[in-house]
Amino acid sequence: DVKVTQSSRYLVKRTGEKVFLECVQDMDHENMFWYRQDPGLGLRLIYFSYDVKMKEKGDIPEGYSVSREKKERFSLILESASTNQTSMYLCASEGQGGGNTEAFFGQGTRLTVV
Amino acid sequence: QQQVKQSPQSLIVQKGGISIINCAYENTAFDYFPWYQQFPGKGPALLIAIRPDVSEKKEGRFTISFNKSAKQFSLHIMDSQPGDSATYFCAASKGSNYQLIWGAGTKLIIKP
């Protein structure tokens, strides 16, 4: 059974804190993604990675960075958390074939910045 | 041209009725159109997908209808059940080197 695991279901952080969201997949997938999900806005792509140590900006990368040191792990970093980054964060992975193949999602991390 | 427009934003259907969610796109290069289903507290999961060489694909109670000339595709849920209550996302992509472009989502509620 394929699995994408996000390290936390819920997080509460203070404004200005550095926040790490971790994602691990066990499917040996090349492609990994970080999205944020907000009501009425759907899924917005923050960053994605097609290979180890490789990253590409998505539609809303400002205020975020990512790290992919190992194929199975993709981390999202909020350098200095702000209240407008309060959101649901979803990690996904997909195999070769890219956008034409099934994307597998983690259960999400609901981040609240106070 | 990259957008996928999804409607309605929310939908309430009686148990046993037909739920219909619509999506429209502009980019004629899109060649893969999946629908994802998301239950509360879970990530989205692939429900059904279609490619533009067919006009309809059916899996159980779920059907995608695809109209290439109108650049529209829709999800039909027949005999809707309370367990179908979820958020549904349409998406599109244009080949293996491109990521999915997502619709805004539809929150579907099936009333018992």
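See the structure shown above.
So, a few notes on the structure that sits alongside this text. In this text the structure is predicted, and so the values were computed from the model without any measurement.

Looking at unusual backbone geometry
Here the amide bond leading from Ser7 of chain B into Pro8 of chain B is cis, since omega sits at -5 degrees, within 30 degrees of zero. Within the secondary structure, Pro8 of chain B is located in the loop between strand 1 (4-7) and strand 2 (10-14). Even without glycine at this site, Asp28 of chain A takes up a positive phi of about 60 degrees. Among the structural elements, Asp28 of chain A can be located in the loop between strand 3 (19-25) and strand 4 (31-38). With a phi close to 65 degrees, Lys53 of chain A is a non-glycine residue in the positive phi region.

Digging into the environment of Glu62 of chain A
Mapped onto the fold, Glu62 of chain A is located in the loop between strand 6 (56-57) and strand 7 (64-70). Remark: the alpha-carbon pair of Glu62 of chain A and Phe74 of chain A, spanning 12 residues in sequence, is separated by 18 Å.

Notes on the sheet that holds strand 1 of chain B
Residue and element names in this part refer to chain B. The sheet built from five strands is open, its strands ordered 1-3-8-7-6 with antiparallel pairing. Strand pairing shows two members of the sheet lacking a second neighbour, strand 1 and strand 6 (56-59), which therefore form its edges. Taken over all neighbouring pairs, the strand axes of this sheet differ in orientation by 15 degrees on average, direction set aside. Direction of pairing for strand 7 (residues 62-67) relative to strand 8 (residues 72-77): antiparallel, over a ladder of six bridges. Across the sheet, the residue bridging to Thr63 is His76, located in strand 8.

Remarks on the state of the cysteines
If you walk through the whole model with that rule in mind, you get two disulfides over all chains. The residue that forms a disulfide with Cys23 of chain A is Cys91 of chain A, at a sulfur-sulfur distance of 1.9 Å. Here the S-S torsion is close to -75 degrees, and the disulfide linking Cys23 of chain A with Cys91 of chain A is therefore left-handed. Of this pair, Cys23 of chain A sits in strand 3 while Cys91 of chain A sits in strand 9 (residues 87-94), and the two are 68 residues apart along the sequence. Just as Cys23 of chain A is buried, Cys91 of chain A falls in that class too. Paired by a disulfide, Cys23 of chain B and Cys90 of chain B hold their sulfur atoms 1.8 Å apart.

Thoughts on the nonpolar core
Counting 25 residues, the largest nonpolar core has Val4, Phe33, Trp35, Phe73, Leu75 and Tyr88 of chain B as its most contacted members. Counting only elements with at least two residues in this core, the list comes to strand 2, strand 3 (19-25), strand 4 (33-38), strand 5 (45-50), strand 7, strand 8, strand 9 (86-92) and strand 11 (106-111) of chain B. Ranked by residues supplied to this core, first place goes to strand 9 of chain B with four residues. Residues contacting Phe33 of chain B, with those up to four places away along its chain left out, are Tyr25, Ile48, Ala49, Ile50, Pro52, Ile64, Phe66, Phe73, Ala91 and Ala92 of chain B. Val4, Cys23, Met32 and Ile46 of chain A belong to the second largest nonpolar core, which has 21 residues in total.

Analysis parameters
- Residues numbered from 1 in each chain as written.
- Chains lettered and ligands numbered in written order.
- Predicted model: local features only at pLDDT ≥ 70, side-chain atom pairs only at ≥ 80, totals over all residues.
- Heavy atoms only, no water.
- Helix = DSSP H or I, 4+ residues; strand = E, 2+ residues; numbered from the N terminus.
- Pairing = 2+ DSSP bridges.
- Axes fitted to C-alpha atoms, helices over the stretch in contact; angles between N-to-C directions.
- Disulfide = S-S within 2.5 Å.
- Buried < 20%, exposed > 50% of the residue type's maximum accessible area, 1.4 Å probe, protein only.
- Core = buried A, V, L, I, M, F, W, Y, C linked by side-chain atoms within 4.5 Å.
- Contact = heavy atoms within 4.5 Å.

Such coordinate-based values are descriptive only and should not be taken to indicate function.
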